[in-house]
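Breakdown of the fold
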Amino acid sequence: MMSELNIKSLGRVGVLFGGRSAEHDISIMSGNGVLAALRAKGVDAHPFDPAQRSIAELAAEKFDRVFIALHGRYGEDGSLQGVLEQLNIPYTGSGVMASAVAMDKIFTKRIWQTHGLSTPKYAVLTPETTLREVPDELGLPLILKPPHEGSTIGITKVKGYSEMKEAYDLAAQFDDVVLAEEFVEGRELTIAILGRGKDAYALPIIEIVAPDGNYDYQNKYFTDDTQYLCPAPLDEELTARIQQMAVEAYRSIDCEGWARVDVLLRKSDNQPFLLEINTSPGMTGHSLVPMAAKATGMSYEDLCVEILKTARLKIHTESK
């Protein structure tokens, strides 16, 4: 717990939310939650929406640090992080490179593969791809998704060859290329990570049990039908193995501050597969990082302060 004196040392804080991505509405919910939590702890926190206000206005606010509660493009993908480095404003979460890599599910998978971390087989689809050949390579069912979006936006589970075109067209509305991914039947898990480098650690694993196994946008944010089991009912050895895998996935991309790693645990043999990593996870009433933190005795408000404390500039020069 931080004393009132230490809270004051955090200075004038900007909470960045809203933005221009497809996840704008979720970011509004996350940002309002963070803003209220920080103010409840005595932090001098102020809202700032980059979609409504300019970079010049951001500089003029004279923030001592900012909490990034933006999701998706222009907030989670390294572009805003680069602006904050230029403006010399310390910020929460990962730096420019890690944010950009983690936002691209294809590049993320390539890095994980070089580190020997398991992730579902995949193919990158373009307008020139012969769609009928993809199920022959990856099997059916398979998943089609835009590689730069989150919150289950543009994702389809393809069960037959005839569904490929419609699923591709949906995902292609959001991206220049489309990610096709092997479908792994099993349990859906998520692991929140806090910290940096060798000090990074995993919070308790959450298992997501959605109605009919469909953890879509509606079930993720707006219904109470999805069950969240925290800690996930896994044996001690398997829990430790999955948490360690998630921390390695986080470190391999050079993430810091906080993130959430999504994992599928294959039903047939309990083999975990890395799906994606979110470097600016949701902080809504349905969000999973606060849920995992609560399982360790950390309140939502304390979690927000802990993340804010880690705000820093990641690019260092000799003049600093």
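Our structure's up above, just so we're on the same page.
A few points on the structure. (Residues numbered from 1 in each chain as written. Predicted model: local features only at pLDDT ≥ 70, side-chain atom pairs only at ≥ 80, totals over all residues. Heavy atoms only, no water.)

1. Some points on the overall build of the protein chain
Helix and strand content of the protein chain: 12 helices and 13 strands. The principal-axis extent of the C-alpha atoms belonging to the protein chain is close to 60 × 45 × 40 Å. Expressed as a percentage of its 320 residues, the buried residues of the protein chain come to 52%. A separation of at least 24 residues holds for 67% of the contacts in the protein chain among residues at least 6 apart in sequence. As presented, the protein chain carries roughly 14,400 Å² of accessible surface, and 50% of it is formed by carbon and sulfur atoms. Charged side chains in the protein chain number 32 positive and 45 negative. The centres of these two groups are separated by 4 Å. (Helix = DSSP H or I, 4+ residues; strand = E, 2+ residues; numbered from the N terminus. Buried < 20%, exposed > 50% of the residue type's maximum accessible area, 1.4 Å probe, protein only. Contact = heavy atoms within 4.5 Å. Areas by Shrake-Rupley, 256 points an atom, 1.4 Å probe, with all protein chains shown as cover. Lys, Arg positive; Asp, Glu negative; His and termini not counted. Charge placed at Lys NZ, Arg CZ, Asp CG, Glu CD.)

2. Examining the side chain of Thr108
Note that Thr108 resides in helix 6 (residues 105-114). Separated by 2.9 Å, the side chain of Thr108 and the backbone oxygen of Asp104 make a polar contact. Aside from chain neighbours lying at most four places away, what touches Thr108 is Val101, Ala102, Ile253 and Ile277. (Polar contact = N/O pair within 3.5 Å; in protein donor to acceptor, adjacent residues only side chain to side chain.)

3. Some remarks on the pattern of salt bridges
Tallied over the full model, the rule gives 15 salt bridges. Close ionic contact of Glu207 with Arg187 constitutes a salt bridge, the shortest N to O distance being 2.8 Å. In this pair, Glu207 sits in strand 10 (residues 206-209) while Arg187 sits in strand 8 (residues 186-196), placing the two residues 20 residues apart along the sequence. For Glu207, a relative accessible area of 7% puts it in the buried group. With relative accessibility at 27%, the residue Arg187 sits in the partly exposed group. It is possible to trace a salt-bridge network through shared partners that takes in Arg12, Arg53, Glu57 and Glu61. (Salt bridge = Lys/Arg side-chain N within 4 Å of Asp/Glu carboxyl O.)

4. Here's the deal with the packing of aromatic side chains
This structure, assessed with the given rule, holds 2 aromatic pairs. Relative to Phe63, the ring of Phe48 lies with its centre 6.4 Å away and its plane at 90°, an arrangement referred to as edge-to-face. Linking Phe48 in strand 2 (residues 44-48) with Phe63 in the loop between helix 3 (55-60) and strand 3 (65-68), this pair joins segments that are 15 residues apart in sequence. Each member of the pair, Phe48 together with Phe63, is buried. Over the ring of Phe107 we find Arg110, and its NZ or CZ is 5.1 Å from the ring centre. If you follow Lys314 out to its NZ or CZ, it ends over the ring of Tyr91, 3.8 Å from the centre. (Phe/Tyr/Trp six-rings, centres within 6.5 Å; stacked < 30°, edge-to-face > 60°. Lys NZ or Arg CZ within 6 Å of the ring centre and 35° of its normal.)

5. Quick look at the packing of helix 2 (residues 24-40) against helix 12 (residues 300-309)
When two helices pack together, their arrangement is captured by the angle between the axes and the distance separating the axes. Closest axis-to-axis distance for the helix 2/helix 12 pair is 9 Å, and the angle between their directions is 90°. In terms of axis orientation, helix 2 runs roughly perpendicular to helix 12. Together, Ser30, Gly33, Val34, Ala37, Leu38 and Ala40 of helix 2 and Tyr300, Glu301, Cys304, Val305 and Leu308 of helix 12 make up the contact between the two elements. Across the contact of helix 2 with helix 12, the residue classes break down as 8 nonpolar, 2 polar and 1 charged. (Axes fitted to C-alpha atoms, helices over the stretch in contact; angles between N-to-C directions. Parallel < 35°, antiparallel > 145°, perpendicular 65-115°, else oblique. Nonpolar A, V, L, I, M, F, W, Y, C, P; charged D, E, K, R; others polar.)

Take it as geometry only, folks, not as evidence of what the structure does.
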